[in-house]
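The lines below spell out each chain.
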Amino acid sequence: MKITYHGHSVLSIVMEDGQKLLFDPFITGNSLTDLNADEVETDWLLVTHGHSDHIGDMIPIAKNNDATIISIVEICTFAENNGVKKTHGMNIGGKFDFPFGRVKMVHAQHSSGYEVNGQTLYMGEPAGFILQAEGKTIYHAGDTSNFGDMSLFGEAFDIDIAFLPIGDNFTMGPHEAASAAKRLKAKKVVPIHYNTFPVIKQDPEAFVKLLPENLGKVMSVGESIVI
């Protein structure tokens, strides 16, 4: 599979059979991304929680691509009510085998709400995703603090790559993310959710220095890795 980082928390994955996945499609208004929402091609959208910088262009991308949204049930209901035809609702602790691989929805410590007509709409619990596909395991933590149950993830899964937020203020910062990485025991750790806004300004290279040698990797926007 090929994994590409597109700024903030946006990841795309292309499987060997050509299936395309897109995580947290915050494109419009994201000054760091290399994507154009009107040109995105994907078969699946995986959305960790209901904040605007993660839902982003979920609805138009799903409609344009006839793509399936995978998310917490409340986000899927919101998408259906806004004209999306294909969704797959999940909840914390559940897993499901999709055509591209197995997805487990795991806990994240955060919040989740979306503003509609000046009111904040509850969008279900925030989550992370553990994807098992093509013999590899990828963890997208979404927005979260560092919490003890990450040790359970590290025990239950042989994680090849963990994508962890380091921005602080809204999520864990670099030192907490380094602690989380230790709990997860992933083979590679990539920082996400930083520098998009002034309040989450961080030095990703400084974060990597907090990790054991060769564990951390800073991915530039548009950079891909094949695993």
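Quick note: structure is the one above.
Computed from a predicted structure; not experimentally measured.

Enquirer: Sorry if this is basic, but what is going on with the sheet that holds strand β7 (residues 95-98) here?
Expert: Across a sheet, paired strands are connected by hydrogen bonds in the backbone, their directions being either parallel or antiparallel. Across the sheet, which stays open at both edges, the 6 strands sit in the order β7-β8-β11-β12-β13-β14 with mixed pairing between neighbours. The sheet is open, and its two borders are formed by β7 and β14 (188-192), each paired with just one other strand. Across the sheet, the mean angle separating the axes of adjacent strands is 20 degrees when strand polarity is ignored. Here 3 bridges tie strand β12 (residues 136-140) to strand β13 (residues 161-165), and the two strands are oriented parallel to one another. Bridge pairing in β13 places Y139 opposite A162. Running over the sheet, helix α5 (residues 174-184) touches β12, β13 and β14 and is turned about 155 degrees from β13.

Enquirer: Sorry if this is basic, but what is going on with the layout of surface pockets here?
Expert: Which parts of space are left empty comes out when a probe the size of a water molecule is rolled across the atoms. The computed volume of the largest pocket comes to approximately 200 Å³. In this structure, the largest pocket is lined by 14 residues; those nearest its centre are H6, S12, V14, L35 and E41. Secondary structure elements with two or more residues in the lining of the largest pocket: β1 (2-5), β2 (11-14) and β3 (20-23). Along the lines of polarity and charge, the residues of the lining of the largest pocket split into 6 nonpolar, 5 polar and 3 charged.

Enquirer: How should I be thinking about unusual backbone geometry in this particular structure?
Expert: Backbone phi values are negative for most residues with the exception of glycine, while trans is the configuration of most peptide bonds. Positive phi is not limited to glycine here, since H8 has a value of about 55 degrees. Here H8 shows up in the loop between β1 and β2. Note on H8: relative accessible area 0%, which makes it buried. The backbone of D168 shows a phi angle near 65 degrees, a positive value even though the residue is not glycine. If you trace the backbone, D168 turns up in the loop between β13 and α5.

Enquirer: Please clarify how the side chain of H6 should be interpreted in this entry.
Expert: Residue position: H6 is located in the loop between β1 and β2. Polar side-chain contacts of H6 include one of 2.8 Å to the side chain of D34.

Enquirer: Where do I start with the sheet that holds strand β4 (residues 44-46) in this structure?
Expert: Strand order in this open sheet of 7 strands is β6-β5-β4-β3-β2-β1-β15, and the pairing throughout is mixed. In the strand order of this sheet, the two ends are held by β6 (87-90) and β15 (224-226), each with one partner. Taken over all neighbouring pairs, the strand axes of this sheet differ in orientation by 20 degrees on average, direction set aside. Where β1 and β15 come together, 3 bridges link them in antiparallel fashion.

Enquirer: I'm lost on helix α3 (residues 73-81) in this one. Help?
Expert: Given 3.6 residues to a turn, an α-helix orients residues that are three or four positions apart in the same direction. Among the residues of α3, I75, C76, F78 and A79 are the ones counted as buried. Each buried residue of α3 lies within a common arc of 160 degrees when the element is viewed along its axis, so the set occupies one face. Residues of α3 that are buried make contact with α2 (58-65), β5 (68-72), β6, β9 (113-116) and β10 (119-122). Two residues or fewer past α3, G83 is found with a positive phi of approximately 95 degrees.

Enquirer: Explanation requested: the pairing of β13 in the structure shown.
Expert: Two faces belong to every sheet, and in a regular strand the side chains alternate between them. Burial of β13 is extensive: 5 of the 5 residues sit out of reach of the surface. The alternating pattern of β13 places I161, F163 and P165 and A162 and L164 on opposite faces, both of which are buried. Since β12 and β13 lie parallel, the crossover through helix α4 (residues 150-156) that links them has a hand, and here it is right-handed. Pairing analysis gives 5 bridges linking β13 to β14, with the strands arranged parallel. Bridged to I161 within β14 is K188. Handedness of the crossover joining β13 and β14 through α5: right-handed.

Enquirer: Just to check I follow, could you spell out the side chain of H8 for this structure?
Expert: Within polar-contact distance, the side chain of H8 engages the side chain of D53 at 2.8 Å. Setting aside residues no more than four positions away along its own chain, H8 makes contact with F26, N30, D53, H54, I192, H193, T196, F197 and I200.

Cut-offs and rules
- Residues numbered from 1 in each chain as written.
- Predicted model: local features only at pLDDT ≥ 70, side-chain atom pairs only at ≥ 80, totals over all residues.
- Heavy atoms only, no water.
- Pairing = 2+ DSSP bridges.
- Helix = DSSP H or I, 4+ residues; strand = E, 2+ residues; numbered from the N terminus.
- Axes fitted to C-alpha atoms, helices over the stretch in contact; angles between N-to-C directions.
- Contact = heavy atoms within 4.5 Å.
- 1 Å grid on protein atoms, 1.4 Å probe; cavity = no way out; pocket = protein on both sides within 12 Å on 5 of 7 lines; lining within 4 Å.
- Points joined across faces, edges and corners; volume = space filled by probe spheres on them.
- Nonpolar A, V, L, I, M, F, W, Y, C, P; charged D, E, K, R; others polar.
- Buried < 20%, exposed > 50% of the residue type's maximum accessible area, 1.4 Å probe, protein only.
- Polar contact = N/O pair within 3.5 Å; in protein donor to acceptor, adjacent residues only side chain to side chain.
- Arc of directions from axis to C-beta.
- Right-handed = clockwise from strand over helix to strand, strands pointing away.

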